[in-house]
Amino acid sequence: MRETEVIIVDGIPIDTYTRIAREAVRYAVLSIPFTFNRMGIRSLDRKIINIAKGKLAEGLFFFFCEQNAVPINSKGGQTAFYQADLADFLFDGAEWDIKNNFLYHKGDTLQAKRYSWLPALIPDNRKGDQWDKGQKAKISAGRERRFLFTFLKGGEDPASGFQLLHLHLSSHQRRYLQQLYERYGGRRYPRPPFAEAGFWAEFFREDRSDALFVLTDFPPLIITGYARPIHRPLFQPTAKNQVWNGGLMRTVIQNQYVRISKLPAFATLLPRKLPLRYARFRQLHDRGTPFRREQ
């Protein structure tokens, strides 16, 4: 894909952005007892934030598609909070997973570097991880499985401790979630282990405030390329604890990667090119510098 095919979703109103973030946090809180801890995170707050950030990117992408008449099915592969999603959305005869990563840089968007030179990452940290599961469809044998690669700015420097999301859980809420996590152990269940209404009643029993979080920024969603099964031979394994471009990106687990420029752009699947609503195509103001990975 070309750099000018990168889509920058930077026109979402703040109140809409906040609503999407609120829905993401509430989903993360509700589903945390049943979510496998791939990253090995110990902190309950960090586990919830990690889920919420992924759901935030998903929600922003769904909003972009809705506003630009991209006919995705955002419900077709999603399941209840106590089960693993089969896919993030259905589109173009395929099942799709969104792989979002966070970047650390100054400014709202990259200036001296190109998004198309970033790595497209698919988790490959264990047997049966998303790289293995990406070989075949989960919902219908007639569909292929694809991965869409997006980015959000997480801050200027990961060492600064800056977080895009901050949770505000009371001691009762934190204790209740920890008890549920220990009871269900991050495992998925075929039937609801408890009623959602009952969960929220107990969760807000001592603190009825719905101010569960603070959103410290409203970074644009960057939509880049996508991978089909035919692109699997292009991918290469990474090491764990990888640093990219001097800290622009950091990864903890092992992944498979390929440079995004070697993949097709999601923009080529849009029903219309211009004008985009709440978004724009990337414009080149400089030549950029190639990406690199470091130990």
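Since this is a predicted model, take the numbers as computed values, not measurements.

Trainee: Would you mind going over the pairing of strand 8 (residues 221-227) in detail, with residue names and values included?
Mentor: Of all 7 residues in strand 8, 7 are buried, a share of seventy percent or more. Inspection of the sheet shows strand 1 (residues 7-9) paired to strand 8 by 3 bridges, in the antiparallel sense. In the sheet register, Val-9 faces strand 8, and the bridge partner there is Leu-221. Two elements, strand 5 (residues 144-155) and strand 8, share 4 bridges in a ladder whose sense is antiparallel. Across the sheet, Thr-150 pairs through a bridge with Ile-223, a residue of strand 8.

Trainee: Any chance you could break down the sheet that holds strand 8 for me, citing the residues and the numbers?
Mentor: Ordered by their spatial adjacency, 6 strands build an open sheet running 2-3-5-8-1-13, and the pairing between neighbours is mixed. Strand pairing shows two members of the sheet lacking a second neighbour, strand 2 (89-91) and strand 13 (280-281), which therefore form its edges.

Trainee: Just give me the short version of the packing of aromatic side chains, but keep the residues and values in it.
Mentor: Tallying each qualifying case throughout the model produces 28 aromatic pairs. Between the aromatic rings of Phe-34 and Phe-194, the centroid separation amounts to 5.7 Å while the plane-to-plane angle is 40 degrees, which identifies the pairing as tilted. With a gap of 160 residues between them, Phe-34 in the loop between helix 1 (14-31) and helix 2 (44-67) and Phe-194 in the loop between helix 4 (171-184) and helix 5 (196-203) connect regions that are remote in the sequence. Both residues of the pair, Phe-34 and Phe-194, count as buried. Note on Tyr-184 and Tyr-189: the rings are 5.4 Å apart at their centroids and 90 degrees apart in plane angle, and the pair reads as edge-to-face. For Tyr-189, a relative accessible area of 23% puts it in the partly exposed group. Among the aromatic residues, ring-to-ring pairing joins Phe-34, Phe-81, Tyr-82, Tyr-176, Tyr-184, Tyr-189, Phe-194, Phe-199, Trp-200, Phe-203 and Phe-204 into one connected group. Seen from the ring of Phe-102, Lys-53 lies directly overhead, with NZ or CZ sitting 4.4 Å from the centre. The aromatic ring of Tyr-27 is capped on one face by Lys-55, whose charged end is 4.2 Å from the ring centroid.

The rules behind each value
Residues numbered from 1 in each chain as written. Predicted model: local features only at pLDDT ≥ 70, side-chain atom pairs only at ≥ 80, totals over all residues. Heavy atoms only, no water. Buried < 20%, exposed > 50% of the residue type's maximum accessible area, 1.4 Å probe, protein only. Helix = DSSP H or I, 4+ residues; strand = E, 2+ residues; numbered from the N terminus. Pairing = 2+ DSSP bridges. Phe/Tyr/Trp six-rings, centres within 6.5 Å; stacked < 30°, edge-to-face > 60°. Lys NZ or Arg CZ within 6 Å of the ring centre and 35° of its normal.

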